[in-house]
Amino acid sequence: MRKEEQIILEEKLYQDFNYDFTCLRHKLGLTQQEMADKTNVLRDKIAKIERGIYPPNIRSVLKILGPLGYTIKIEKIDNDK
């Protein structure tokens, strides 16, 4: 894979994560503040993750998802999308 293709793929994966993260909050019927309260993470950080301003590390993601009953998993990229 060429460097330009790798950068494009990484950006798409990051955008997909942000979208899925925001969709989960909506699916759970939570506001950003309610998610913050349930996970002990600042609302501002949740908002920045959703907008793609703050790229969270794995520990931060698990800190948010765990109290909500979710986790992350590694799965093969479907390049047909």
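Placed above this text is the structure.
Structure report, in brief.

Procedures and definitions
Residues numbered from 1 in each chain as written. Predicted model: local features only at pLDDT ≥ 70, side-chain atom pairs only at ≥ 80, totals over all residues. Heavy atoms only, no water. Salt bridge = Lys/Arg side-chain N within 4 Å of Asp/Glu carboxyl O. Helix = DSSP H or I, 4+ residues; strand = E, 2+ residues; numbered from the N terminus. Buried < 20%, exposed > 50% of the residue type's maximum accessible area, 1.4 Å probe, protein only. Axes fitted to C-alpha atoms, helices over the stretch in contact; angles between N-to-C directions. Parallel < 35°, antiparallel > 145°, perpendicular 65-115°, else oblique. Contact = heavy atoms within 4.5 Å. Nonpolar A, V, L, I, M, F, W, Y, C, P; charged D, E, K, R; others polar. 1 Å grid on protein atoms, 1.4 Å probe; cavity = no way out; pocket = protein on both sides within 12 Å on 5 of 7 lines; lining within 4 Å. Points joined across faces, edges and corners; volume = space filled by probe spheres on them. Core = buried A, V, L, I, M, F, W, Y, C linked by side-chain atoms within 4.5 Å.

On to the pattern of salt bridges. Enumeration according to the criterion identifies five salt bridges in this entry. In this structure, the salt-bridge partner of aspartate 44 is lysine 48, at a minimum N-O distance of 3.2 Å. Residue aspartate 44 and its partner lysine 48 are both found in helix H3 (residues 43–51); the two are separated by four residues, about one turn of the helix. In this structure aspartate 44 comes out as partly exposed when scored by relative accessible area, which is 38%.

A separate point is the packing of helix H1 (residues 3–27) against H3. In the contact formed by H1 and H3, the axes pass within 7 Å of each other and the chain directions differ by 130 degrees. Between H1 and H3, the angle falls in the class oblique. Here Phe17, Asn18, Phe21, Thr22 and Arg25 of H1 come into contact with H3, specifically with Ile46, Ile49 and Glu50. In terms of residue class, the contact of H1 with H3 is made up of four nonpolar, two polar and two charged.

Counted as a void, the largest pocket has a volume near 1,200 Å³. As for the largest pocket, its lining consists of 27 residues, of which Leu13, Phe17, Asp20, Lys73 and Glu75 are closest to the centre. For the lining of the largest pocket, the secondary-structure elements that each account for two or more residues are H1 and helix H4 (58–65). It is H1 that contributes the most residues to the lining of the largest pocket, 10 residues altogether.

With that settled, the discussion passes to the nonpolar core. Judged by nonpolar contacts, Phe21, Leu30, Met35, Ala36, Val41, Ile46, Ile49, Ile64 and Leu68 together constitute the single largest core of nine residues. Elements with a minimum of two residues in this core: helix H2 (32–39) and H3. If we ignore the near neighbours within four places in the chain, the residues touching isoleucine 64 are Phe21, Met35, Thr39, Val41, Ile46 and Ile49.

That is the geometry; function is a separate question.
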